[in-house]
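Report on the structure
Here's the letter readout for the chains.
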Amino acid sequence: MSHPHIAIVGAGPSGCYVADALGRKLPAVRIDIFDRLPTPFGLVRGGVAPDHQGTKNIARQFERTLGKDGVRFLGNVAVGRDISYEELKAAYDVVVITTGALADRRLGIPGEDLDGVYGSGAFVSWYNGIPDGRELDPKIGASVAIIGNGNVALDIARLLGKTPEELAASDLCTHARVAFAAAPVRDIWLIGRRGPVEASFTTAELSEFGELARVATLVDPAQLPAAVPETLPDEQKKLAGKNLDVLHAYAAKGEQGEQADRPLRLHFVFNAAPLKILGEGRARELVLEKTRVDNGRAVMSGETFTIPADTVIGAIGYRSTPFPGLPFDEARGIVANDQGRVEPGVYTAGWCKRGPQGVVPANRADSLAVAELILSDLANVTSGAKQGAVAVDALLQLRGVQPVDFAGWQKINAAETAAAQTAGDGRPREKLTRLPELLAAAHT
Ligand code: NAP
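Basis of the calculations
Residues numbered from 1 in each chain as written. Predicted model: local features only at pLDDT ≥ 70, side-chain atom pairs only at ≥ 80, totals over all residues. Heavy atoms only, no water. Buried < 20%, exposed > 50% of the residue type's maximum accessible area, 1.4 Å probe, protein only. Helix = DSSP H or I, 4+ residues; strand = E, 2+ residues; numbered from the N terminus. Arc of directions from axis to C-beta. Contact = heavy atoms within 4.5 Å. Near = heavy atom within 4 Å. Polar contact = N/O pair within 3.5 Å; in protein donor to acceptor, adjacent residues only side chain to side chain. Areas by Shrake-Rupley, 256 points an atom, 1.4 Å probe, with all protein chains shown as cover. Nonpolar A, V, L, I, M, F, W, Y, C, P; charged D, E, K, R; others polar. Domains from an automatic or database assignment. Buried area = accessible area lost by both parts, 1.4 Å probe. Salt bridge = Lys/Arg side-chain N within 4 Å of Asp/Glu carboxyl O. Disulfide = S-S within 2.5 Å. Pairing = 2+ DSSP bridges. Axes fitted to C-alpha atoms, helices over the stretch in contact; angles between N-to-C directions.

1. Description of helix H16 (residues 435-442)
Considered for burial, the residues of H16 that qualify are Leu 438, Ala 441 and Ala 442. Viewed along the axis of H16, the buried residues span an arc of 100°, placing them on a single side of the element. Where H16 is buried, its residues touch helix H2 (43-46) and helix H15 (406-423).

This is the structure in structure tokens:
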């Protein structure tokens, strides 16, 4: 089919990569990219840490994709609310689901619903100014426990650890800047249920703590093996070896010397699984059980200990959220699929296809593979009777839904960068964080 109508649901990296790949191979394709938010780029805007501006440069490439002939951005249109999955399938020859993984996995321990306990997705959405996370107003106390040994846990610890000056050139939203600056944090506990060798930190992110002005990095040397086990696969051995070097260097600093006067102490705690959160209304303490790693798995020891924690953040991964009718694998929290195929004419790519793993470039490879699959399936389809945009625009108009198009996003972008220039302190943008503000900027 030479002129297929394609809908992509989710304008994050995976959706943009699929659109780009299909556009290159099918010059006459018409692609509509939907997003529930008025803003595109998914995790690049709403997940990537605001002090990692280099990672966000990829948005320029995605801008070019959204601005291409034959590609439309339809922001502020939620599938399942404004248009149904069945209606999309009826209107488009191909539907690609790239909605990511937005819901926090739960810790599943007593005390999880106490005040002061948050999932990393909610916390990150709040500081990154995503409208539906904007009102979280987290209670950040003196002792913050972050559960999980992945890069999201490191992002949160680093942002809490940085001084206002160190955050100046980030695009951290003003409401979060104010909250972080006022937070009385003295201790941050980074808790892994397995050991340092099993942590999924990347070394560049782990190393950043060594450069922070007010943070003392504290590791009990007894928790660090001298070397990485020879039995590990090469790739893991290399990563774990580099991480171990950084952790040994942190352990060597100890609590004295240059670290003695640092007001904020970052404690790496390994081999500790969360058991329960204690408190009356508000979190007060976290009870942990010591573990050992056996064949790669955490084995409980029966020995417990407690740390003070008036804020607890679970950074233990995410699940995707289905809309009605979408085949869904409840156990894995992903869209049910076979190598990216969901059902005839429907595909999926990115975190909602394979779970929340991998940095932005890993999603590129995945999206390209799914685009190839779509192209090979389309080669066997001769004629298309689908109406694409004509059908969907009529439905949206009937329902009074006003999408934010690419020009609308450019207006939001211009308003945010202009506001940053007014602030004049080096921040690249001052995000609009509430839906009415975003829609007003888009529709001026
Ligand atoms: P992650 O890397 O999968 O880490 C999740 C952590 O949570 C693991 O340490 C895991 O331990 C732990 N965990 C899971 N269930 C647990 C439980 N019930 N109790 C205690 N601990 C539990 O996930 P992530 O940090 O959310 O990151 C998601 C992806 O985004 C990763 O690919 C990451 O690299 C990427 N990312 C990259 C950057 C960056 O490059 N700067 C920044 C942020 C995120 P086990 O290993 O024992 O399961």
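2. Let's talk about the site of the ligand
Around the ligand sit 22 residues, and of these Asn 149, Arg 193, Arg 194, Ser 200 and Gly 358 come closest. With respect to the ligand, the side chain of Asn 151 contributes an N or O atom lying 3.0 Å from an oxygen atom. In the environment of the ligand, a nitrogen atom lies 3.1 Å from a nitrogen or oxygen atom belonging to the side chain of Glu 205. Relative to its unbound accessible surface of 920 Å², the ligand loses 79% to contact with the protein. With 3 residues, helix H7 (residues 151-161) is the largest single contributor of residues to the shell around the ligand. Residues belonging to the shell around the ligand are distributed by class as follows: 9 nonpolar, 8 polar and 5 charged. Here the shell around the ligand gathers at least three residues from each of two domains, domain 1 (5-102 + 320-404) and domain 2 (104-318).

3. So, the domain arrangement of the protein
Along its sequence, the protein is organised into domain 1 (5-102 + 320-404) and domain 2 (104-318). On a C-alpha basis, the centroid separation for the pair domain 1 and domain 2 is 33 Å. Between domain 1 and domain 2, the residue contacts involve 17 residues of the former and 19 residues of the latter. Buried area between domain 1 and domain 2, summed over both chains or domains, comes out near 1,400 Å², and the portion from carbon and sulfur atoms is 52%. For domain 1, the biggest contributors to the area lost against domain 2 are Pro 50, Asp 51 and His 52; these three give 37% of the whole. At the boundary of domain 1 and domain 2, one finds 4 salt bridges. A salt bridge links Asp 51 to Lys 162; the shortest N-O distance between them is 2.8 Å. The interface formed by domain 1 and domain 2 holds 10 residue pairs in polar contact (both at pLDDT 80 or more) in total. When contributions to the side of domain 1 that touches domain 2 are tallied by element, the ones reaching two or more residues are H2 and helix H3 (53-56). Here the side of domain 1 that touches domain 2 is composed, by residue class, of 8 nonpolar, 5 polar and 4 charged.

4. A look at the pattern of salt bridges
Following the criterion strictly, the structure yields 36 salt bridges and no others. The partner of Arg 284 in a salt bridge is Glu 280, and the shortest N-O contact between them spans 2.8 Å. Exposure remark for Arg 284: the relative accessible area of 38% places this residue in the partly exposed category. On the accessibility criterion, Glu 280 (62% relative accessible area) is exposed. Lys 290 is the salt-bridge partner of Glu 303, the closest N and O atoms lying 3.2 Å from each other. Taken together, the residues Glu 303 in strand E13 (residues 297-308) and Lys 290 in strand E12 (residues 282-294) connect sequence positions 13 residues apart. What you see here is one network of salt bridges that share partners, running through Asp 51, Asp 155, Arg 158, Lys 162 and Glu 208.

5. A closer look at the state of the cysteines
The tally for this structure, following the rule as stated, stands at 0 disulfides. Cys 16 carries a free sulfur, and the closest cysteine sulfur to it, the one in Cys 352, is 14 Å from it. Residue classification places Cys 16 among the buried residues on the basis of a relative accessible area of 1%.

6. Focus: the sheet that holds strand E2 (residues 30-34)
Read from one edge of the open sheet, 6 strands run E3-E2-E1-E4-E19-E18, paired in mixed fashion. Single-partner strands in this sheet number two, and they are strand E3 (71-74) and strand E18 (341-343). Adjacent strand axes in the sheet meet at a mean angle of 20°, parallel and antiparallel pairs treated alike. The sheet contacts of helix H13 (residues 360-378) involve strand E4 (94-97), E18 and strand E19 (346-348), and relative to E19 the element is tilted by about 165°.

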